[in-house]
Amino acid sequence: ERLLAAGADGIVSGALHADGTLEENFWETLRDLTSDRQLVFHRALDATKEQRSVLRKLVDLGTTRVLTSGGCATAWEGREQIKSFQKAYGKQIEILVGSGVTPANAVSLVRSTGCNQVHGSFSQPRHDSMVHAGSQAVRETSGDLVSATRVALGSF
């Protein structure tokens with residue numbers, strides 16, 4: 001409520017029970033709170049056993065968009081599943097391709113899935129004095145990767 005009151009365009013969340021089924025009551029509450037704003041289901045869809053069933057429920061509950069890699073580690077690996085989601089539900093909910101999207105594969109992902117948008121961190125390892133030897137790699141968004149992806153997608 002505070003995010004929306006502060007002017008957020010919408011909410012991105014995932015709501016699953018421990019068994020991987022959709023937490024419909026919570027999702028309905030979010031839909032009611034967001035009303036005319038964006039309600040996006042994140043890659044929690046990829047953790048469900050019954051992706052199509054959950055996707056159907058998300059459509060029925062008025063979800064704006066769903067981020068997915070088609071249940072695979074990367075969107076490229078899951079592109080056939082994403083394509084099937086787009087074909088079955090793409091007129092009712094926006095299918096957002098995500099995970100492992102790069103300037104090199106963004107156009108191929110859009111072409112092969114039929115989706116018209118991609119999501120990515122477009123990040124690279126950060127190499128500076130703030131990263132200590134032996135620590136986990138710190139990543140940050142690269143303006144160059146974002147720009148290269150935009151140029152690639154703008155070319156077709």
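Predicted model only: the values in this text are computed from it and were never measured.

(A) Structural detail: the overall build of the protein. Scanning the protein from N- to C-terminus turns up six helices and seven strands. Listing every helix and strand of the protein by position from the N terminus yields α-β-α-β-α-β-α-β-α-β-β-β-α. Overall, the C-alpha framework of the protein stretches about 45 × 35 × 30 Å when taken along its three principal axes. Counting all 156 residues of the protein, 37% fall into the buried class. Sequence separation of 24 or more characterises 58% of the internal contacts of the protein that already satisfy a separation of 6 or more. For the protein, the computed accessible surface area is about 9,200 Å², with 50% contributed by carbon and sulfur atoms.

(B) Summary view of the packing of aromatic side chains. For the structure shown, the criterion picks out one aromatic pair. Judged by centre distance (4.9 Å) and plane angle (75°), the rings of Trp27 and Phe41 are edge-to-face. One end of the pair, Trp27, is in helix α2 (residues 24–34); the other, Phe41, is in strand β2 (residues 38–41), with 14 residues separating them in the sequence. Here Trp27 and Phe41 have matching classes, each one buried. Here the guanidinium or amino end of Arg79 rests over the ring plane of Trp76, the centre of that ring lying 3.8 Å away.

(C) View of the state of the cysteines. In total, this model carries zero disulfides according to the counting rule given. Its sulfur unpaired, Cys72 is 14 Å from the next cysteine sulfur, which belongs to Cys115. Residue Cys115 is classed as buried on the basis of its relative accessible area, which comes to 2%.

(D) How the structure looks around the pairing of strand β4 (residues 94–98). In terms of burial, β4 is largely enclosed, as four of its five residues are buried. Bridge analysis of strand β3 (residues 65–68) against β4 gives four bridges, and the strand direction is parallel. Within β4, the position partnered with Leu67 by the bridge is Leu96. Crossover connection from β3 via helix α4 (residues 79–89) to parallel β4: handedness right-handed. Of the strand pairs in this sheet, β4 and strand β5 (residues 118–119) are connected by two bridges, and their pairing is parallel. Paired with Val97 across the strands is Val118, a residue of β5. Taken together, β4, helix α5 (residues 106–113) and β5 form a β-α-β motif whose crossover is right-handed.

(E) Quick look at the pattern of salt bridges. Counted according to the given criterion, the structure contains four salt bridges. Two residues, Asp46 and Arg43, come together in a salt bridge whose shortest N-O distance is 2.8 Å. The class of Asp46 is buried, set by a relative accessible area of 13%. Judged by relative accessible area, Arg43 falls into the partly exposed class, the value being 32%. The partner of Arg56 in a salt bridge is Asp60, and the shortest N-O contact between them spans 2.8 Å. One end of the pair, Arg56, and the other, Asp60, are both in helix α3 (residues 51–60), four residues apart, so they sit about a helical turn from each other.

Parameters at a glance
Residues numbered from 1 in each chain as written. Predicted model: local features only at pLDDT ≥ 70, side-chain atom pairs only at ≥ 80, totals over all residues. Heavy atoms only, no water. Helix = DSSP H or I, 4+ residues; strand = E, 2+ residues; numbered from the N terminus. Buried < 20%, exposed > 50% of the residue type's maximum accessible area, 1.4 Å probe, protein only. Contact = heavy atoms within 4.5 Å. Areas by Shrake-Rupley, 256 points an atom, 1.4 Å probe, with all protein chains shown as cover. Phe/Tyr/Trp six-rings, centres within 6.5 Å; stacked < 30°, edge-to-face > 60°. Lys NZ or Arg CZ within 6 Å of the ring centre and 35° of its normal. Disulfide = S-S within 2.5 Å. Pairing = 2+ DSSP bridges. Right-handed = clockwise from strand over helix to strand, strands pointing away. Salt bridge = Lys/Arg side-chain N within 4 Å of Asp/Glu carboxyl O.

Function cannot be read off these values alone, since they describe shape.
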